[in-house]
Structures are given as structure tokens and as C-alpha cells.
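# Observations on the three-dimensional arrangement
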Amino acid sequence: KAGVTQTPRYLIKTRGQQVTLSCSPISGHRSVSWYQQTPGQGLQFLFEYFSETQRNKGNFPGRFSGRQFSNSRSEMNVSTLELGDSALYLCASSLDLGPYEQYFGPGTRLTVT
Amino acid sequence: GESVGLHLPTLSVQEGDNSIINCAYSNSASDYFIWYKQESGKGPQFIIDIRSNMDKRQGQRVTVLLNKTVKHLSLQIAATQPGDSAVYFCAEKGGSQGNLIFGKGTKLSVKP
């Protein structure tokens, strides 16, 4: 089975721009979560989607948004980029909501200049 | 200004020795725990999980121990190899939270 895939792997944007990141979960997995990883804050939860609905949201500003499609693929969007948004954005998929194994993709490295 | 990086605890072991990585979790209502391994430039890789109705679970060369009384989790790696060098994270889930909450990580260095 193919693992979680994320595109693009690397991205450079300038302040004020917006960006869309994509995640394809493991086949059959219906839950997709997004995390931000930075050297200063570690791994922080952004949001979780299941059945095209946001089920849970972390403590991030409204500039961060996401969505999930009927095939469970997910996208996240960051508008009005700030320098502090530079990070590794990780997507993870699991079979269902609740206490299930969560598998991560390789991440998208976003650099904001 | 420049952000200050997290000061990761570091564990340095000799190849072939056993490693024990510890983690204190925060929520007494958490009922599910996972250990991840993250190598440089890669996403976290699932190692092993444990539910709160267990206190020990074994995998291939790895054992996770859960002590709910003191909210402590540990990962034991037997016969540590150079390929085990990575940052290890524990994560908890449960109670009122639906998402995984990650610890700050421990960097494991294996000396050949």
C-alpha cells in the first residue's frame, strides 16, 4: 500500500502571499490531520478532517484553513503568509477517528521570505 | 528575530546496548499513546502504540511501558543500531481532545 503523499515537497513564498498544500492519505484511511513542525514550537496540531468535515481544530489563526474531498484527499491553505509560517507542514492519515494509528507523510517544507 | 530552538534531551548509547527513552504526558484522561521516530528530513514514522488498558506492549526490538499512576511512558529499544539514530516523540490522545498531542522529543545518538 502506498503511504501518505504530500505535494509539493518544498515551497518558497514571500510575505503576504497565500499557499495551498496537498495531502493524499493511505488508501482506505478516512481521517486526515495536519501539523506544523518548527524548531521553536515542535509539532503542533492544526486541524483534523473526517468525511469532508473539520472535526477538531488547533490553536492557529484563521489564516490557516483546510478542506477534505470526498476521496479523503485534503488540502490546507495559508493566506497572507508571515515569516513565522516557515515550517515543515505534516499530514497524517488514520483509518478512522479515535485511537487509531496515525501515519505521517514526508511533509512540505515551506519557506517564507 | 530568530526563534530559539527547542532544547531536545539527548541520549547517547553505544551500538548494541539497550536504549530507554522516557516521556511524561500531560492529560490523565489520555487513553491512547504512540511513539514516533523522526529522521532528519523525513516525517515521523510510527513505531508502536499502546492503549491505557495495558501497561506493556512489545514489538520488534521495541517495548513500550505505560505507568498511568505517574503519567509516564517509556520506549525501550533492544540492541540499538546506528539506524536507530533519530528524534523520538511520544504522543497522547484521548479525553476531551481528539488530536494527538506531541512531546518535545528526545534525540537518540548511537555510537558505532
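Here is what the cut-offs are and how they apply
- Residues numbered from 1 in each chain as written.
- Chains lettered and ligands numbered in written order.
- Predicted model: local features only at pLDDT ≥ 70, side-chain atom pairs only at ≥ 80, totals over all residues.
- Heavy atoms only, no water.
- Contact = heavy atoms within 4.5 Å.
- Buried area = accessible area lost by both parts, 1.4 Å probe.
- Salt bridge = Lys/Arg side-chain N within 4 Å of Asp/Glu carboxyl O.
- Polar contact = N/O pair within 3.5 Å; in protein donor to acceptor, adjacent residues only side chain to side chain.
- Helix = DSSP H or I, 4+ residues; strand = E, 2+ residues; numbered from the N terminus.
- Nonpolar A, V, L, I, M, F, W, Y, C, P; charged D, E, K, R; others polar.
- Buried < 20%, exposed > 50% of the residue type's maximum accessible area, 1.4 Å probe, protein only.
- Disulfide = S-S within 2.5 Å.
- Core = buried A, V, L, I, M, F, W, Y, C linked by side-chain atoms within 4.5 Å.

### A short note on the interface of chain B and chain A
Listed as interface residues are 21 residues of chain B and, on the opposing side, 22 residues of chain A. Approximately 1600 Å² of surface area, both sides summed, lies buried where chain B meets chain A, with 54% of it carried by carbon and sulfur atoms. The tally of links from chain B across to chain A stands at zero salt bridges. Run the count over chain B and chain A and you get four residue pairs in polar contact (both at pLDDT 80 or more). The set of elements that each furnish at least two residues to the side of chain B that touches chain A consists of β3 (30-38), β4 (45-51), β8 (86-94) and β9 (97-102) of chain B. Of the residues belonging to the side of chain B that touches chain A, the class tally is 10 nonpolar, seven polar and four charged.

### Here we look at the side chain of S19(B)
Residue and element names in this part refer to chain B. Within the secondary structure, S19 is located in strand β2 (residues 19-24). Judged by relative accessible area, which is 1%, S19 ranks as buried. At 2.7 Å, the side chain of S19 forms a polar contact with the side chain of T80. Non-local contacts of S19, meaning those with residues more than four positions away in its chain, are made with L11, V13, L75, Q76, I77, T80 and L108.

### Quick word on the state of the cysteines
One pass over the structure, following the stated rule, counts two disulfides over all chains. Two residues, C23(A) and C91(A), share a disulfide whose sulfurs are 1.7 Å apart. Note on the C23(A) and C91(A) pair: the S-S dihedral is about -55°, so by sign convention the disulfide is left-handed. Here the residue C23(A) occupies a position in strand β3 (residues 19-24), and C91(A) occupies one in strand β9 (residues 87-94), the gap between them amounting to 68 residues. Both residues of the pair, C23(A) and C91(A), belong to the buried class. Across the disulfide from C23(B) sits C90(B); the S-S distance is 1.6 Å. In this pair, C23(B) sits in strand β2 while C90(B) sits in strand β8, placing the two residues 67 residues apart along the sequence. Considered together, C23(B) and C90(B) belong to a single accessibility category, that of buried residues.

### Things to note about the nonpolar core
Considering soluble globular proteins, one finds that nonpolar side chains tend to be buried as a cluster. In this structure, W34(A), L46(A), F64(A), M76(A) and Y89(A) are the most contacted members of the largest nonpolar core, which totals 21 residues. Elements supplying a minimum of two residues to this core: β3, β4 (31-38), β5 (42-50), β8 (74-78), β9 and β11 (108-112) of chain A. Discounting chain neighbours no more than four positions away, the residues touching L46(A) are W34(A), Y35(A), Q36(A), K57(A), G58(A), F60(A), F64(A), M76(A) and Y89(A). In terms of nonpolar packing, the next biggest core, distinct from the first, is built from 19 residues, I48(B), I50(B), A86(B) and Y88(B) among them.

### Observations concerning the pattern of salt bridges
Residue and element names in this part refer to chain A. Counting across every chain of the model gives nine salt bridges over all chains. Linking R67 and E75 is a salt bridge whose minimum nitrogen-to-oxygen distance equals 3.2 Å. By relative accessible area, which is 47% here, R67 ends up partly exposed. Residue class for E75 comes out buried when judged on its relative accessible area of 15%. Where salt bridges share partners, they join R63, E82 and D85 into one cluster.

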